[in-house]
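# Secondary and tertiary structure notes
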Amino acid sequence: MERFGSALKHWRGVRRVSQLELAGRAGTTQRHLSFMESGRSRPGREIVVRLSDSLGLSPRERNGLLLAAGYAPAFPESSLDDPALEPVREALERVLEGHLPYPAVVVRPYGELLAANAAFEVLAEGAAPELLEPPVNLFRLALHPRGMGARVANLADWGRHVVENLRAQLLRSPDPRLDVYIGELESYLPVAAPGPEHLGFAVPLRLRSRDGELRLLTTITSFATAMDVTVAELHLEAFLPADAATATALRERALEPEHGRALKPGL
């Protein structure tokens, strides 16, 4: 049970909770929790589930804690092309289409683009071909100087906003691969020099385009309540106009005969 004890202690440290606090949350005693961490007590499946709930672990992390305790995973991990996930794929496609004429994308961990609606073209406009070859990495495309980075008028602030969101994810779920990835993205950013009008986290994207500067807000939807690991790790990112001029430009762009097409490389 040393493996489970080490895993439990690791997650308790990441979440910064004491044995006493976690024991109270999970409905057990500090003594029992101490025995489980030291390997002196074998945890039952029920207490492992309660500890996972109390620590706020993701489905993948919960599976890992169960495996460390010697139990079968609670959540399946399906391939996206699995027939069982067809309703999910169809729902995502409807959401992407329904968000038109504004851009929307579906992304999996590390920024891998799974699908995008036709308005994605405004984000990909002028990007180097190699950044648009599957699998497209959305965050690399967004910040790379040969991608959107060259067209983002407020790259220092907006790019920092993107990176800090990823850093928050890294703090919650430590991952060496994500740490390396964040380092790469940071290398594309100029040094930020916040002025008197700096808005902190409320940073709209100011994107230069053939239609002039577009101002876009982003919303991110997660599927954290999904019962499948694959689905739980997906994110839907939707871009919304921050002003009337942007809304008009995107609506008019959608009426053009050669408007972009939806991308579904992973759905």
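Before reading further, recall that the structure is shown in the block above.
So, a few notes on the structure that sits alongside this text. Values in this document were obtained by computation on a predicted structure and should not be read as measured data.

Cut-off values and rules
Residues numbered from 1 in each chain as written. Predicted model: local features only at pLDDT ≥ 70, side-chain atom pairs only at ≥ 80, totals over all residues. Heavy atoms only, no water. Helix = DSSP H or I, 4+ residues; strand = E, 2+ residues; numbered from the N terminus. Contact = heavy atoms within 4.5 Å. Areas by Shrake-Rupley, 256 points an atom, 1.4 Å probe, with all protein chains shown as cover. Lys, Arg positive; Asp, Glu negative; His and termini not counted. Charge placed at Lys NZ, Arg CZ, Asp CG, Glu CD. Phe/Tyr/Trp six-rings, centres within 6.5 Å; stacked < 30°, edge-to-face > 60°. Lys NZ or Arg CZ within 6 Å of the ring centre and 35° of its normal. 1 Å grid on protein atoms, 1.4 Å probe; cavity = no way out; pocket = protein on both sides within 12 Å on 5 of 7 lines; lining within 4 Å. Points joined across faces, edges and corners; volume = space filled by probe spheres on them. Nonpolar A, V, L, I, M, F, W, Y, C, P; charged D, E, K, R; others polar. Buried < 20%, exposed > 50% of the residue type's maximum accessible area, 1.4 Å probe, protein only. Pairing = 2+ DSSP bridges. Axes fitted to C-alpha atoms, helices over the stretch in contact; angles between N-to-C directions. Parallel < 35°, antiparallel > 145°, perpendicular 65-115°, else oblique. Core = buried A, V, L, I, M, F, W, Y, C linked by side-chain atoms within 4.5 Å.

Our focus in this paragraph is the overall build of the chain. A count of helices and strands for the chain gives twelve helices and five strands. C-alpha atoms of the chain, sized along the principal axes, occupy 65 × 50 × 30 Å. Intrachain contacts of the chain at a sequence separation of at least 6 include 60% that bridge at least 24 residues. Summed over all atoms, the accessible surface of the chain reaches about 13,800 Å², with 55% contributed by carbon and sulfur. Across the chain, the mean location of the 31 positive side-chain charges is 8 Å away from that of the 34 negative side-chain charges.

Attention shifts here to the packing of aromatic side chains. This model, assessed by the stated rule, comprises zero aromatic pairs. Cation over ring: Arg40 sits above Phe35, and NZ or CZ is 4.0 Å from the ring centre.

A volume near 1,400 Å³ is recorded for the largest pocket. Along the wall of the largest pocket there are 47 residues; nearest its centre are Pro109, Gln169, Ser173, Glu233 and His235. A per-element tally of the lining of the largest pocket places helix α9 (residues 155-172) first, with eight residues. Residues belonging to the lining of the largest pocket are distributed by class as follows: 24 nonpolar, 13 polar and ten charged.

This paragraph deals with the pairing of strand β3 (residues 205-209). Going residue by residue along β3, you find Leu205, Leu207 and Ser209 tucked away on one face and Arg206 and Arg208 left uncovered on the opposite face. Alignment of β3 against strand β4 (residues 212-222), held across five bridges, turns out to be antiparallel. Bridge pairing links Arg206 to Arg215 in β4.

Where helix α1 (residues 2-15) contacts helix α5 (residues 59-68), the axes come no closer than 8 Å and their chain directions differ by 150°. Where α1 approaches α5, its residues Arg3, Phe4, Ala7, Leu8, Trp11 and Arg15 are matched on the opposing element by Glu61, Leu65, Leu67 and Ala68. When grouped by side-chain class, the residues that make up the contact of α1 with α5 number seven nonpolar, no polar and three charged.

Here the focus is the sheet that holds β3. Reading across from one edge, β2-β1-β5-β4-β3 is the order of the five strands in this open sheet, with antiparallel pairing throughout. Each edge of the sheet is formed by a strand with only one pairing partner; in this case those strands are β2 (112-116) and β3. Going from strand to strand, the sheet's axes swing by 35° on average, the running direction of each strand aside. Here helix α12 (residues 244-254) sits on the sheet in contact with β3, β4 and β5 (235-241), set at roughly 85° to β4.

Moving on: the packing of α9 against helix α10 (residues 176-186). One can describe the packing of α9 onto α10 by two numbers: an axis separation of 10 Å at closest approach and a directional angle of 170°. By the angle class used here, α9 and α10 are roughly antiparallel. Note on element contacts: α10 touches α9 through Leu178, Asp179, Tyr181, Ile182, Leu185 and Glu186, opposite Arg160, Val163, Leu166, Arg167, Gln169 and Leu170. Residue composition of the contact of α9 with α10, by class: seven nonpolar, one polar and four charged.

Here we come to the nonpolar core. Membership of the largest hydrophobic core comes to 40 residues, with the highest contact counts inside it found for Phe120, Leu143, Met148, Trp158 and Leu205. Among the elements that take part in this core, α9 stands out by supplying six residues, more than any other. In contact with Phe120, other than residues within four places in its own chain, are Pro103, Val105, Leu113, Leu138, Leu141 and Leu263. Grouped together as the second largest cluster of nonpolar side chains are 19 residues, Leu8, Val17, Met36 and Ala68 included.

Take the environment of Ala118 next. Here Ala118 lies in the loop between β2 and α7 (121-124). Ala118 gets classed as buried once you look at its relative accessible area, which sits at 11%. As a C-alpha pair, Ala118 and Gly260 span 142 residues in sequence and 4.7 Å in three-dimensional space. Setting aside residues up to four positions removed in sequence, Ala118 forms contacts with Leu100, His259, Gly260, Arg261 and Ala262.

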